[in-house]
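# Descriptive structure summary
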Amino acid sequence: MRRPRPGHDAWHPATPTQQGIWILDRIERLRPTYLLPSVLEFTGPVDHAVLTTAVHRALGRHPALRSRFRLDAAARRVDYRTDGSAPEVGFTDAVADDWSPEEVERLVEALCYTPFELAEEAPARAEVIRLDDDRTLLVLTVHHIVFDGVSRQLLVDEIGVTYSALARGVEPELPTPPHPAEFLDRPDDDAGFAERVAGVVERLRGAPTTVDLPYDGDPDDPELSMVGATASTVLDADVTESVLAVAAQEGCTAFMTGVALLAGTFARTTGQTDFLFSVVWPGRDDPAAADVIGMFMTTLVLRVRLDGGTTWRELLRAARIGGMEAFIDSDVPLDAIAAALDGDRDMARPPLSPVLVNLAEAPAPLVLAPGVVGRFQPLSPEYSKWDLALFVRLDDATGRDRLELSLNHPAALFTAATTTELLAALRSSAADLARDPEDIVQNQPPADKIDLDDPAARLDLVRSIWREVLDTPEVADDVSFFDAGGDSLRLVILVERLSQASGRMLRTVDLFRAGTVRGQADLLAGPSDTTTAARGTSRERLLGAVRERRTGDQRR
C-alpha cells in the first residue's frame, strides 16, 4: 500500500533485504556480487553529448539513485536518505584519446565492479565510451541495495525516451518519480508477523539446508573467488513441446518446470530427495510500484520433495505447490526464516540453500533513433553469489519454443566437465519426462531398452548423445566429431555417455578412430567387451590384457 510522500532529507529505515545487502557489502570478496552492471553497445551514429546528458538526467531524477546509507547503532538498523548528489556520468572518447582495446576492456571492468562507498557516494555510475564512428558503449552500474532487474529496464527505457526528446530539441515528458519509501515497508514486529514467520518455519522444518552438489572446489573456503562461469544447453523443440504440455496440465510455469527437472536430476544422481531452492521474487505486488526504480526484489525459499515412487507428473505437481507456498509468503523476510532454521550459518554463505532457480532475464534492446540500437553485451568477468544457479528461459529463435537451461556458479567450484555432465543429466531428465510423465523419476531407463542390433536405433542413439554433448540441435552422420565442434574434453564425455547408454565398454581411442556418427553407430554393433577380458576380477582383467598383448607381439 502506498504511503504519504516522504521527505528526501529524512532518514528512512531500510527494508530487511536492503539491510542484509548492506551487511554483506562489508565482506570484501562479496562486494562485486552485489553490483548490477550493464554494458550496452550501440551501433550507428550516436550524439555522444546528448546521450551523456540523457543518462545524467535519468540517473539524477530518481530518489533511490541518490541514496546514502548509515548504520544507526542505537536503533540497531540501517537507514538511508535520498537528498545526496546525483550519480556521476562521464564521457570517454577512446578514439581521440588513443585508448587500446585492452585499455577499454580494463576501463569497462573497473566501471562495472569497483565497489561503492554507500555512506558517501551515490550508488550508481555511468560512462559513455566512443569506440569509433559507429560503435558506442554505455556502461551503467548500480548497487543492488537500491536497484533490481525491473528497475534496470525502467531506467534504460527512460534513457531512450530522454535521448529521443533532447535530440529533437524538446524536453521529455516524464512523470515525477515516486520515492521508494512510499511503497517499501518494514514488517511490523507484532504477534501477526511472528505467527507468519512461525508458519513458514514449520513448513520448511526438517529440510536439509544443503544440496549434494558435485563440488570440485571448496564452497567453505573463506578466500573463494566469486568470479563466475556459465554453461547452457537448449532442449530439442519436440522434447520442449512435450515437457511444457505435461507441465501445463499440472498448472506449472516454465520456472516450476525447471524446479522439477533440477530436483529430479539431483534425486537421480545423488539420492537426495528433499530440497530447498532459493528463488528471486520481484516484490512488486502493488501495481503502483510497477514503474518505480528501487530495490523491491526479495529472495524466497521453495521446498520440493519426492520419494522412491514419485512420478515426473507428481514431481511437477510438487514443484507447483512448493512455488505457490513460497509466493504466498513472499512478504516474510528470509533473514527471519533463516535465523529460526539455521541460526549458526556463515553470513557469507547463501541462507538456507546454496542453489537458486530463476527465470532468465532477457533485457530488450534500446533504440535511440532509427538505425541506432543498443544491445546488452555479456559481462566479462561475471560474478556469482550462489554455489549453483539454474536459469530457465524459453528460446523461440528457431520459430519453435525450446527450453534453455543455464548453469551459473563461481568458476572455482565446478570444472567445465562437471557442469557439462550436469547439463547432460538435466537433458536426460527432460527427455524422460517428455517420453513418459507417469514413469518414476528415479527409475532411469536401462540400457537394454535400446536394440543395438537395429541399425536405425544405433544411429538414433549416437545422434542424440552427440547433440547432447555438443549442445546443438542437429548433427550430420558423416561429419567428424571435431569438425562438428567437439574437443578433447567433450570426446571424453562422449565416451562416458555412449558407454552408459549402450552398455558397451568403449575407449576414447575407439571413438577417435570411428569419428563420425555413422562410424560410432557401427562400432556399437560389435560384441560387448564385457564378454571378454572386461569380466572377472581386476587381476583377471589385468592378466587377460597382458595375454592379448603377448599374443599380438608373437604374431608380429
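### A short note on the overall build of the chain
The secondary structure content of the chain amounts to 15 helices and 15 strands. Taken over 556 residues, the chain has a buried fraction of 50%. In the chain, the proportion of contacts linking residues at least 24 apart, taken out of those at least 6 apart, comes to 76%. If you sum the accessible surface of the chain, you get close to 25900 Å²; carbon and sulfur atoms cover 51% of it.

### Some remarks on the pattern of salt bridges
Scanning all chains against the criterion turns up 38 salt bridges. The salt bridge partner of Arg81 is Asp83, with a shortest N-O separation of 3.0 Å. Judged by relative accessible area, Asp83 falls into the partly exposed class, the value being 39%. Salt bridges sharing common partners tie together Asp25, Arg26, Glu28, Arg31 and Glu117.

### Quick look at the sheet that holds strand 3 (residues 68-72)
Pairing is antiparallel in the open sheet, where 3 strands are placed in the order 1-4-3. Edge positions in the sheet fall to strand 1 (12-13) and strand 3, since each of these pairs with one other strand and no more. Two strands pair when backbone bridges link them, and strand 1 and strand 4 (residues 77-81) are joined in this way by 2 bridges, in the antiparallel orientation. Residue Pro13 lies in a different strand from strand 4, and its bridge partner there is Asp79.

### Concerning the pairing of strand 12 (residues 366-369)
With 3 bridges joining them, strand 12 and strand 13 (residues 372-376) adopt antiparallel strand pairing. Bridged to Val367 within strand 13 is Val373.

### A word on the environment of Leu262
Here Leu262 lies in helix 7 (residues 254-270). With residues up to four places along the chain from it excluded, the contact list for Leu262 reads Phe277, Val355, Val357, Leu390 and Leu426.

### Focus: the sheet that holds strand 5 (residues 88-93)
Taken together, 6 strands build an open sheet; the order of strands is 5-6-7-2-13-12 and the sheet is mixed. In this open sheet, the two strands that pair with only one neighbour each are strand 5 and strand 12. On average, each strand axis in the sheet is tilted by 20° relative to the strand beside it, whichever way the strands run. Relative to strand 7 (residues 135-143), strand 6 (residues 124-132) runs antiparallel, the two being bridged by 8 bridges. Bridging from a neighbouring strand, Arg125 pairs with Thr141 of strand 7. Against the sheet, helix 2 (residues 48-61) engages strand 2 (35-43), strand 5, strand 6, strand 7 and strand 12, with an angle of about 170° to strand 6. Where helix 4 (residues 149-167) meets the sheet, it contacts strand 2, strand 7, strand 12 and strand 13, and its direction lies at approximately 10° from that of strand 12.

### Digging into unusual backbone geometry
Of note, the amide linkage connecting Ser380 to Pro381 takes the cis form, showing an omega dihedral of 0°. Along the chain, Pro381 falls in the loop between strand 13 and strand 14 (388-395). For Leu352, which is not a glycine, the phi torsion comes out positive at approximately 70°. You can see Leu352 is positioned in the loop between helix 9 (334-341) and strand 11 (355-359). Even without a glycine there, the phi angle at Asp471 is positive, about 55°. Tracing the backbone shows Asp471 in the loop between helix 11 (455-470) and helix 12 (488-502).

### Describing the nonpolar core
Counting 96 residues, the largest nonpolar core has Phe42, Leu51, Leu59, Leu155, Phe266 and Phe277 as its most contacted members. In terms of residues, this core owes the most to one element, helix 7, which gives 9 residues. With residues near it in sequence (within four places) discarded, Phe266 still touches Val211, Leu213, Gly271, Gln272, Phe275, Phe277, Leu388 and Leu422. The next biggest cluster of nonpolar side chains, apart from the first, holds 21 residues, and it includes Leu452, Leu459, Leu491 and Leu506.

### A short note on the packing of helix 6 (residues 237-249) against helix 10 (residues 416-435)
For the pair helix 6 and helix 10, interaxial distance at closest approach is 8 Å and the crossing angle is 65°. Judged by the sense of rotation from one axis to the other, the crossing of helix 6 with helix 10 is left-handed. Residue-level inspection shows Val239, Ser242, Val243 and Val246 of helix 6 in contact with helix 10, the latter providing Ala430, Ala431, Leu433 and Ala434. Taken together, the residues of the contact of helix 6 with helix 10 sort by class into 7 nonpolar, 1 polar and no charged.

### Points about a negative patch on the surface
Together, Asp97, Asp98, Glu102, Glu103, Glu105 and Glu109 make up a negatively charged patch on the protein surface. Along the chain, the position of Asp98 falls in the loop between strand 5 and helix 3 (101-113). A relative accessible area of 64% means that Asp98 is categorised as exposed.

### Topic: the packing of helix 11 against helix 12
For any two helices packed against each other, one specifies the inter-axial angle together with the distance between the axes. Contact pair helix 11 / helix 12: the axes reach a minimum separation of 10 Å and the direction vectors enclose 140°. Relative to helix 12, helix 11 is oriented oblique. With respect to the hand of their crossing, helix 11 and helix 12 are arranged in right-handed fashion. Packed against helix 11, whose contacting residues are Leu461, Val462, Ile465, Trp466, Glu468, Val469 and Leu470, the element helix 12 presents Arg490, Ile493, Leu494, Arg497, Leu498, Ala501 and Ser502 at the interface.

### Quick look at the side chain of Ser384
Following the sequence through the fold, Ser384 ends up in the loop between strand 13 and strand 14. For Ser384, a relative accessible area of 2% gives the class buried. Of note is the side chain of Ser384, whose polar atom sits 3.4 Å from the backbone oxygen of His409. Ignoring sequence-local partners within four residues, the contact set of Ser384 consists of Thr33, Met226, Gly228, Ala229, Asn408, His409 and Pro410.

Each value, and the rule that gives it
- Residues numbered from 1 in each chain as written.
- Predicted model: local features only at pLDDT ≥ 70, side-chain atom pairs only at ≥ 80, totals over all residues.
- Heavy atoms only, no water.
- Helix = DSSP H or I, 4+ residues; strand = E, 2+ residues; numbered from the N terminus.
- Buried < 20%, exposed > 50% of the residue type's maximum accessible area, 1.4 Å probe, protein only.
- Contact = heavy atoms within 4.5 Å.
- Areas by Shrake-Rupley, 256 points an atom, 1.4 Å probe, with all protein chains shown as cover.
- Salt bridge = Lys/Arg side-chain N within 4 Å of Asp/Glu carboxyl O.
- Pairing = 2+ DSSP bridges.
- Axes fitted to C-alpha atoms, helices over the stretch in contact; angles between N-to-C directions.
- Core = buried A, V, L, I, M, F, W, Y, C linked by side-chain atoms within 4.5 Å.
- Left-handed = near helix turned anticlockwise from the far one by under 90°.
- Nonpolar A, V, L, I, M, F, W, Y, C, P; charged D, E, K, R; others polar.
- Patch = residues over 30% accessible without salt bridge, like charges linked within 9 Å, V, L, I, M, F, W, Y side chains within 5 Å.
- Lys, Arg positive; Asp, Glu negative; His and termini not counted.
- Charge placed at Lys NZ, Arg CZ, Asp CG, Glu CD.
- Parallel < 35°, antiparallel > 145°, perpendicular 65-115°, else oblique.
- Polar contact = N/O pair within 3.5 Å; in protein donor to acceptor, adjacent residues only side chain to side chain.

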